[in-house]
Amino acid sequence: MEEPQRRIRAAHSESTITVYQAYSPEIGLPAVRDGRFPAAWKRDRMTWIKPSFLWVMYRCGWATKPGQETVLAVEIARDGFEWALRNACLSRYVRGLHPDLSAWRRELKRSPARVQWDPERDPRLRPLPCRSLQLGLSGEAVRRYADEWLVSVRDVTPLAREIHALVTSGDLDAASGLLPKETPYPTQGELLTHLHA
């Protein structure tokens, strides 16, 4: 069966989904220790969550980029994640999907979440033809994420470094074997119809 160009792939259970974020140690380590984001974490800024481990590795350079040295696996409630999808707007204007540019701008301004589809990555972080979800949360969605949806926070930086070392040494099979198991997320079709452009 052919892989759809846009699909949410994630580690998930019946009630939770795991998303990834990379932070400085000053944010990431207290979040792991306390199981919640520290006071220094900015609630008034948009925060982007990503279900794809390899996309986050691409973004943070295997936890080497300044301010992104700590990679968190954040387990959140699926009903919260799906609330964000239902209340999301695409991060870019798409002719034919939106009535016009100003209608999209109005929707973007009032939406507490935004969806962006970026090329998925292989273990060498090369782009693949399929795309992975990035979900931006702001306002009400940020508060719900931090205070209601959050189930657990794990530090997966050591895993990132171990996989990176295997990729660097050319042992892609071993590296792939350590990757989190991400499978298609069973969303309702109507949940994503307005987010697939």
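This write-up is about the structure you can find in this document.

Calculation rules
Residues numbered from 1 in each chain as written. Predicted model: local features only at pLDDT ≥ 70, side-chain atom pairs only at ≥ 80, totals over all residues. Heavy atoms only, no water. Helix = DSSP H or I, 4+ residues; strand = E, 2+ residues; numbered from the N terminus. Rg over C-alpha atoms; globule rule 2.2 N^0.38 Å. Buried < 20%, exposed > 50% of the residue type's maximum accessible area, 1.4 Å probe, protein only. Contact = heavy atoms within 4.5 Å. Areas by Shrake-Rupley, 256 points an atom, 1.4 Å probe, with all protein chains shown as cover. Polar contact = N/O pair within 3.5 Å; in protein donor to acceptor, adjacent residues only side chain to side chain. Pairing = 2+ DSSP bridges. Axes fitted to C-alpha atoms, helices over the stretch in contact; angles between N-to-C directions. 1 Å grid on protein atoms, 1.4 Å probe; cavity = no way out; pocket = protein on both sides within 12 Å on 5 of 7 lines; lining within 4 Å. Points joined across faces, edges and corners; volume = space filled by probe spheres on them. Nonpolar A, V, L, I, M, F, W, Y, C, P; charged D, E, K, R; others polar. Core = buried A, V, L, I, M, F, W, Y, C linked by side-chain atoms within 4.5 Å. Arc of directions from axis to C-beta. Phe/Tyr/Trp six-rings, centres within 6.5 Å; stacked < 30°, edge-to-face > 60°. Lys NZ or Arg CZ within 6 Å of the ring centre and 35° of its normal.

With that settled, the discussion passes to the overall build of the protein chain. Counting secondary structure elements, the protein chain contains 8 helices and 9 strands. Computed over its C-alpha atoms, the radius of gyration of the protein chain comes to 17 Å, within 12% of the 16 Å expected for a compact globule of 197 residues. Dimensions of the protein chain along its principal axes, counting C-alpha atoms only, are 50 × 45 × 35 Å. Every one of the 197 residues in the protein chain was classed for burial, and the buried ones make up 49%. In the protein chain, the share of contacts with a sequence separation of at least 24, taken over all contacts with a separation of at least 6, comes to 75%. Of the accessible surface of the protein chain, which amounts to about 10,100 Å², a share of 49% is contributed by carbon and sulfur atoms.

This part covers the environment of K50. Structurally, the position occupied by K50 is in the loop between strand 3 (47-49) and helix 2 (53-60). For K50 and Y20, which are 30 residues apart along the polypeptide, the C-alpha to C-alpha distance reads 5.2 Å. At 3.4 Å, the side chain of K50 forms a polar contact with the backbone oxygen of W48.

The next point concerns the sheet that holds strand 6 (residues 113-121). On the basis of which strands lie adjacent, the open sheet formed by 4 strands has the order 3-7-6-5 and mixed pairing. Whereas interior strands pair on both sides, the edge strands pair on one side only; in this sheet they are strand 3 and strand 5 (88-90). In this sheet, neighbouring strand axes are inclined to one another by 40 degrees on average, regardless of whether the strands run parallel or antiparallel. In the sheet, strand 6 pairs with strand 7 (residues 127-137) via 8 bridges, with the strands oriented antiparallel. Bridging across to strand 7, A113 finds its partner in L137.

With that settled, consider the layout of surface pockets. By volume, the largest pocket is sized at about 430 Å³. Of all elements in the fold, only strand 2 (16-23), strand 3 and helix 2 reach the threshold of two or more residues within the lining of the largest pocket. It is strand 2 that contributes the most residues to the lining of the largest pocket, 3 residues altogether. For the lining of the largest pocket, the class distribution of residues is 8 nonpolar, 5 polar and 4 charged. The wall of the second largest pocket is formed by 15 residues, among which R9, L54, E120, R121 and E182 lie closest to the centre. Among the elements of the structure, helix 2, strand 6, strand 7 and strand 9 (183-184) are those that each provide at least two residues to the lining of the second largest pocket.

Residues F37, I76, F81, L135, L137 and Y145 are the most contacted members of the largest nonpolar core, which totals 34 residues. Here the element with the most residues in this core is helix 5 (residues 140-149); it accounts for 5 residues. Leaving out residues up to four positions away in the same chain, L135 has contacts with T47, W48, I49, F81, A84, L85, A88, A113, R114 and V115. By size, the runner-up hydrophobic cluster in this structure holds 19 residues, among which are A22, V71, I163 and L166.

For helix 5, every residue scored as buried is listed here: A141, V142, Y145, A146 and W149. For helix 5, the angular spread of the buried residues around the axis is 130 degrees, confining them to a single face. More than 90 degrees from the buried face of helix 5, the exposed residues found are D147 and E148. In this structure, the buried residues of helix 5 make contact with strand 2, strand 3, strand 4 (70-77), helix 3 (78-86), strand 7 and strand 8 (150-155).

Counted under the stated rule, the structure contains 8 aromatic pairs. A centroid spacing of 6.0 Å and a plane angle of 65 degrees characterise the contact between Y23 and F37, whose relative ring orientation is edge-to-face. Here Y23 is found in strand 2, whereas its partner F37 is found in the loop between helix 1 (25-34) and strand 3, with 14 residues between them in sequence. There is no split in this pair, since Y23 and F37 are both buried. Here the aromatic residues Y23, F37, W41 and Y145 are joined through ring pairs into a cluster of three or more. Positioned above the aromatic ring of W83 is the side chain of R144, whose terminal nitrogen or guanidinium carbon lies 4.2 Å from the ring centre.

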